[in-house]
Amino acid sequence: MEKVPLTRAGYDSLSQELKKLKSQERPAIIKAIAEARELGDLSENAEYHSAREKQGFIEGRVKEIESLLGRAEVIDPSKFTGSVKFGATVTIVDEDTDEEKTYQIVGEPEADLEQGRLNMKSPLARSLIGKEEGDTVDVRTPGGTRSYEILSVKFA
């Protein structure tokens, strides 16, 4: 079983989601299935089939989160210094457009670009890891090669 690196915030977020699924979502879907059964013929009962489908999704997500948490390796990035590593918050500037972006490099389960959390296995993160403030990295993207300069590296 491969360990899954997570920040403390990522681990806590998954734990909260699991708690909600088990304490709120699961009981609600069981109730919805029971109510749909009372409506009679199950072969043409859209509410019943919809509720069963949602139950399958919930149970699958519960198993997935339990597996992730069981294999989680919580890493505290505040103990790191120096070059870009897991957990680092990196501010970069696109050398062509002068657009600045800030990302935290995190594990795959907690990655969310809209929230500024970059999957450590992404091409950009892999290019940044091991580099230092002031370095330039070239990243191959579907739209061509992009160059970024690292403006700052912080560990919170």
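From a predicted model like this one, the values you see are computed outputs, not experimental measurements.

The final tally for this structure, using the stated rule, is one aromatic pair. Ring centres of Phe80 and Phe155 lie 6.1 Å apart, and the angle between their planes is 80 degrees; this geometry places the pair in the edge-to-face category. In this pair, Phe80 is assigned in the loop between β2 (72-74) and β3 (89-94) and Phe155 in the segment after β7 (144-154), connecting sequence segments 75 residues apart.

So, about unusual backbone geometry. We note that Asp98 has phi near 60 degrees; this positive angle belongs to a residue other than glycine. Counting through the fold element by element, Asp98 comes out in the loop between β3 and β4 (100-106).

Here we come to the pairing of β4. Bridging between β3 and β4 involves five bridges; their strand directions are antiparallel. Looking at β4, one finds that Thr91 is bridged to Thr102. Taken together, β3 and the strand that follows it, β4, pair antiparallel across an intervening segment of five residues, in which Asp98 is found at a positive phi of about 60 degrees. As paired strands, β4 and strand β5 (residues 117-119) are joined by three bridges and run parallel to one another. Considered in β5, the bridge of Val106 is made with Asn119.

Now for the UniProt feature "domain: Transcription elongation factor GreA/GreB N-terminal" (unreviewed entry) in the protein. Per the UniProt record, "domain: Transcription elongation factor GreA/GreB N-terminal" (unreviewed entry) is annotated on residues 4-74. Secondary structure within residues 4-74 divides into 79% helix and 8% strand; the distance between the first and last C-alpha atoms comes to 8 Å.

With that settled, consider the UniProt feature "domain: Transcription elongation factor GreA/GreB C-terminal" (unreviewed entry) in the protein. Feature annotation in UniProt assigns "domain: Transcription elongation factor GreA/GreB C-terminal" (unreviewed entry) to the following positions: residues 82-154. The distance separating the terminal C-alpha atoms of residues 82-154 is 9 Å; by composition the span is 8% helix and 45% strand.

Let us now look at helix α1 (residues 8-37). Residue pairs three or four apart in sequence face the same way in an α-helix, which turns once every 3.6 residues. Over its 30 residues, α1 runs 42 Å from end to end, which matches the ideal 44 Å to within 8%, given 1.5 Å per residue. At Leu21, α1 shows its largest kink, close to 40 degrees. All buried positions along α1 are accounted for by Gly10, Leu14, Leu18, Leu21, Ile29, Ile33 and Ala36. Lining the buried residues of α1 we find β1 (4-6) and α2 (46-71).

Right, let's talk about the sheet that holds β4 for a bit. An order of β5-β4-β3-β7-β6 is seen for the five strands of this open sheet, with the pairing classed as mixed. Of all strands in the sheet, those bounded by a partner on one side alone are β5 and β6 (136-141). Adjacent strand axes in the sheet meet at a mean angle of 45 degrees, parallel and antiparallel pairs treated alike. For β6 and β7, the ladder comprises six bridges, and the chain directions are antiparallel. Paired with Arg140 across the two strands is Thr145, which belongs to β7.

Procedures and definitions
- Here the residue numbering is sequential within each chain, running from 1 through the sequence in written order.
- In keeping with the model being predicted, local features are shown solely for residues with a pLDDT of at least 70 and side-chain atom pairs are shown and tallied solely at 80 or more, while totals for entire chains, interfaces and linings include all residues.
- The side-chain quantities take in all heavy atoms of the structure and omit both hydrogens and water.
- Between rings of Phe, Tyr and Trp, where Trp is taken as its six-membered ring, a pair exists when centres lie within 6.5 Å; planes separated by under 30 degrees are stacked, by over 60 edge-to-face, and by other angles tilted.
- Strands here are runs of E lasting at least two residues and helices are runs of H or I lasting at least four, both read from the DSSP assignment and numbered beginning at the N terminus.
- Strands were regarded as paired on the criterion that DSSP finds at least two bridges between them.
- UniProt positions are given in the numbering used here, feature names are shortened, and annotations may be inferred rather than shown by experiment.
- Here the expected length of a helix is defined as 1.5 Å per residue gap, with one fewer gap than residues.
- Note that the bend at a residue is defined as the angle between axes fitted to the seven residues ending at it and the seven residues starting at it.
- Three labels apply to residues, based on accessible area from a 1.4 Å probe with only protein chains included: buried if under 20% of the type maximum, exposed if over 50%, partly exposed otherwise in between.
- Should any heavy atoms of two residues lie within 4.5 Å, those residues are counted as being in contact.
- In this analysis, axes come from line fits to C-alpha atoms, helices being fitted only over the stretch in contact, and the angle between any two N-to-C directions falls in the range 0 to 180 degrees.

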